[in-house]
Protein chains: 2
Amino acid sequence: MLLSKTEPAAPQTINAEGNSPFVLICEHASNRMPEVLGNLGLSAADLDRHIAYDIGAANTARILSKLLNAPLILQSYSRLAYDCNRPPEAEGAMPEISEVTPIPGNKNLSAEAKLARVNQIYRPFQNAIAAFLDHRAAHNLRAIPVSIHSFTKLYKGKERSVELGLLFDRDAWLANLLVKSFPGFNTQLNEPYGPKDGVMHLMNLHAAPRALHHLMIEIRNDLIESERGQQQWAQRLSIPLQQAAAKLGEKK
Amino acid sequence: MLLSKTEPAAPQTINAEGNSPFVLICEHASNRMPEVLGNLGLSAADLDRHIAYDIGAANTARILSKLLNAPLILQSYSRLAYDCNRPPEAEGAMPEISEVTPIPGNKNLSAEAKLARVNQIYRPFQNAIAAFLDHRAAHNLRAIPVSIHSFTKLYKGKERSVELGLLFDRDAWLANLLVKSFPGFNTQLNEPYGPKDGVMHLMNLHAAPRALHHLMIEIRNDLIESERGQQQWAQRLSIPLQQAAAKLGEKK
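Residues numbered from 1 in each chain as written. Chains lettered and ligands numbered in written order. Predicted model: local features only at pLDDT ≥ 70, side-chain atom pairs only at ≥ 80, totals over all residues.

Draft legend 1. Region of interest: the overall build of chain A. Looking only at helices and strands, chain A has six helices and 11 strands in total. Summarising its shape, the C-alpha atoms of chain A cover approximately 50 × 45 × 30 Å along the three principal directions. A burial count over chain A gives 51% of its 252 residues as buried. Considering only intrachain contacts with a sequence separation of at least 6, the fraction spanning at least 24 residues in chain A is 82%. (Helix = DSSP H or I, 4+ residues; strand = E, 2+ residues; numbered from the N terminus. Buried ≥ 20, exposed ≤ 12 C-beta atoms within 10 Å, placed from the backbone. Contact = placed C-beta atoms within 7 Å.)

Draft legend 2. Representation of the packing of helix 3 (residues 111–138) of chain A against helix 3 (residues 111–138) of chain B. Across the interface, helix 3 of chain A lies against helix 3 of chain B with an axial gap of 11 Å and an inter-helix angle of 155°. The angle between helix 3 of chain A and helix 3 of chain B falls in the class roughly antiparallel. Every pair of crossing elements has a handedness; the one defined by helix 3 of chain A and helix 3 of chain B is right-handed. Residues Ala 111, Lys 114, Leu 115, Val 118, Asp 134, His 135 and Ala 138 of chain A of helix 3 of chain A form the contact with helix 3 of chain B, whose participating residues are Ala 111, Lys 114, Leu 115, Val 118, Asp 134, His 135 and Ala 138 of chain B. Considering only residue class, the contact of helix 3 of chain A with helix 3 of chain B consists of eight nonpolar, two polar and four charged. (Axes fitted to C-alpha atoms, helices over the stretch in contact; angles between N-to-C directions. Parallel < 35°, antiparallel > 145°, perpendicular 65-115°, else oblique. Left-handed = near helix turned anticlockwise from the far one by under 90°. Nonpolar A, V, L, I, M, F, W, Y, C, P; charged D, E, K, R; others polar.)

Draft legend 3. Focus on the pairing of strand 11 (residues 215–220) of chain B. Residue and element names in this part refer to chain B. For strand 11, the tally of buried residues reaches six of six residues, placing the bulk of the element in the interior. Every second residue of strand 11 is oriented toward a common face, with Leu 215, Ile 217 and Ile 219 on one face and Met 216, Glu 218 and Arg 220 on the other, all of them buried. Summarising the sheet, strand 6 (residues 144–151) and strand 11 pair through six bridges and their orientation is parallel. Within strand 11, the residue paired with Phe 151 across the bridge is Arg 220. As paired strands, strand 9 (residues 164–167) and strand 11 are joined by four bridges and run antiparallel to one another. By the bridge assignment for strand 11, Gly 165 is matched with Glu 218. (Pairing = 2+ DSSP bridges.)

Draft legend 4. Spotlight on the sheet that holds strand 10 (residues 187–189) of chain A. All names here are of chain A. Judged by pairing direction, the sheet is mixed, and its seven strands sit side by side in the order 1-3-2-6-11-9-10 without closing on themselves. Edge positions in the open sheet fall to strand 1 (11–14) and strand 10, since each of these has one partner strand only. Averaged over all neighbouring strand pairs, the angle between strand axes comes to 20°, with direction disregarded.

Draft legend 5. Fine view of helix 2 (residues 57–68) of chain A. All names here are of chain A. The end-to-end C-alpha separation of helix 2 is 16 Å, in line with the 16 Å expected for 12 residues at 1.5 Å each. Within helix 2, 10 of the 12 residues are buried, which leaves the element mostly enclosed by the surrounding structure. Buried residues of helix 2: Ala 57, Ala 58, Asn 59, Thr 60, Ala 61, Arg 62, Ile 63, Leu 64, Ser 65 and Leu 68, and no others. On its buried side, helix 2 packs onto strand 1, strand 2 (22–26), strand 3 (72–75), strand 6 (144–151), strand 11 (215–220) and helix 6 (227–248). With its phi angle positive at about 50°, Asn 69 sits one or two positions after the end of helix 2. (Expected span 1.5 Å × (residues − 1).)

Draft legend 6. Layout of the interface of chain A and chain B. The interface of chain A with chain B comprises 19 residues on the first partner and 19 residues on the second. Counting residues per element, the side of chain A that touches chain B draws most heavily on helix 3 of chain A, at eight residues. Residue classes in the side of chain A that touches chain B are distributed as 11 nonpolar, four polar and four charged.

Draft legend 7. Quick peek at the relation of the copies chain A and chain B. Of the two same-sequence chains, chain A is brought onto chain B (RMSD 0.0 Å, axial shift 0.0 Å) by a rotation of 180°. The superposition operator between the copies reduces to a two-fold rotation axis. In terms of proximity to the rotation axis, the leading residue of chain A is Leu 205 of chain A, whose C-alpha is 2.9 Å off the axis. Counting the interface residues of chain A, we find that 100% of their copies in chain B are interface residues as well, pointing to one common contact surface. (Least-squares fit on C-alpha atoms with pLDDT ≥ 70 in both.)

Draft legend 8. Spotlight on the nonpolar core. Formed by 150 residues in total, the largest nonpolar core has its most connected members in Leu 24 and Cys 26 of chain A together with Leu 24 and Cys 26 of chain B. The contacts of Leu 24 of chain B, once residues within four sequence positions are left out, are Ala 61, Leu 64, Ser 65, Ala 70, Pro 71, Leu 72, Val 146 and Ile 148 of chain B. (Core = buried A, V, L, I, M, F, W, Y, C linked by C-beta atoms within 7 Å.)

Draft legend 9. Highlighting unusual backbone geometry. Residues and elements named next belong to chain A. With omega at 5°, the peptide bond leading from Glu 191 into Pro 192 counts as cis. Tracing the backbone through its elements, the reader meets Pro 192 in the loop between strand 10 and helix 5 (201–206). At Asn 108, a position not held by glycine, the phi torsion is positive, near 50°. With respect to the helices and strands, Asn 108 occurs in the loop between strand 5 (101–102) and helix 3. Here Asn 108 falls in the exposed class, since 6 other C-beta atoms lie within 10 Å of it.

Draft legend 10. A look at the sheet that holds strand 6 of chain B. Residues and elements named next belong to chain B. Across the sheet, which stays open at both edges, the seven strands sit in the order 1-3-2-6-11-9-10 with mixed pairing between neighbours. The outermost strands of the open sheet, each flanked by one partner alone, are strand 1 (11–14) and strand 10 (187–189). This sheet shows a mean twist of 20° between the axes of neighbouring strands, independent of strand direction. Taken strand by strand, helix 2 (residues 57–68) contacts strand 1, strand 2 (22–26), strand 3 (72–75), strand 6 and strand 11, and its axis lies near 165° from that of strand 2.

Draft legend 11. Broad picture of the packing of helix 2 of chain A against helix 6 of chain A. All names here are of chain A. As a packed pair, helix 2 and helix 6 sit with axes 8 Å apart at the nearest point and diverge in direction by 40°. By the angle class used here, helix 2 and helix 6 are oblique. Crossing geometry of helix 2 relative to helix 6 is assigned as right-handed. Along its contact with helix 2, which presents Asn 59, Thr 60, Ile 63, Leu 64, Leu 67 and Leu 68, the element helix 6 presents Glu 227, Gln 230, Gln 231, Trp 233, Ala 234, Gln 235, Leu 237, Ser 238, Leu 241 and Gln 242. Per-class residue counts for the contact of helix 2 with helix 6 are eight nonpolar, seven polar and one charged.

Here you go:
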């Protein structure tokens, strides 16, 4: 087994009964590694970098969950163990190199080692989201998956000027509603990356096949490193999201 | 429980070790009802109609599975209990009316009744497909989901002239390869219905998020009612599918 009984399950659900139409998701919430994987051959300093998780995203999502009274599903383990926004086919699912850093513990994984990560990290997380959405559907309740991410300012030596990315693939409704809601911040649709970069896996898995509105929110991580920034951004995001929810009206 | 221990599990997998890149799927294989649902208030004659299952599809798929040495995953229960090509959100998942026939046993289902069907028919079937694809991915083996369906010639009083439909959503590769392969038959892309009609759910759930080639094959059911027609169509389909497989080359 990859995870022992004393380690947390891959999916953590907070505020499951929250009555917001938004279902918050944070797949890159944590830099925790399954004990048996050690540090994957990385230094502790590397495990604190953006390659291991989305800095500031989990706490921003937790605050936003409170402000919206929205459920939040977080992944307990680092994306270096398994990146839950990538399918098992993708090289980035269990990356041998992340940005420019080789990940020794991901090199030449056997099929069995890959399947252990798929079956104990990726699948339980996706199953928790699917079950949550099934439950909402059976009760005729709306569900709009919104994932909270952060990105690094300096990537492969280049600076990114975008501060807030609103990413979508098959449904632009929520992104279009929000794009003018952050005056003074460099807000872009499908930047600093988008569907063609393979980053919409989770939304394509859960939102598109169910024809749900969706949004992937990417905040530049220097803006939400501090608790103050996390508070500010959760507040800033909550206002247009609540306005969008108000536009939906009653379901059925 | 919806299904008793003496009833078959929702997914049935045949020829799991088959080495074809194609992974055959037949979600409307059977008109069997879970015992506890009885006939959903329908006559036995109605349960033999296309509203309950895709006439001829399962047997055509079984023969094709042998000809291609391809795995085949079939659903054991009628689409009137749960239509595995629809998400739980869709009205067609547990239809109150199918074509023009009211389905009394699907009327005003409680959330609990819906969830029992989702959890015991829909999810185990989708999970079996997902696990199969995960296994292929971990072993660096190709997987091209191909689902086998049939459609009725007379629908809501109108005759359909199309005989073979090649349906796709996000990837046209296989459909385009096959479209000229059936001389003498009225073959159409995304007919008699297509992505806008919500019929690509299963492919959008399994193929699109993994960036897999895919194809949904729809054969007019008068052509595959008989065993002879099933044999002919399985043979007819196997040839261009094998030619397509040969174009793929080695993975990685």
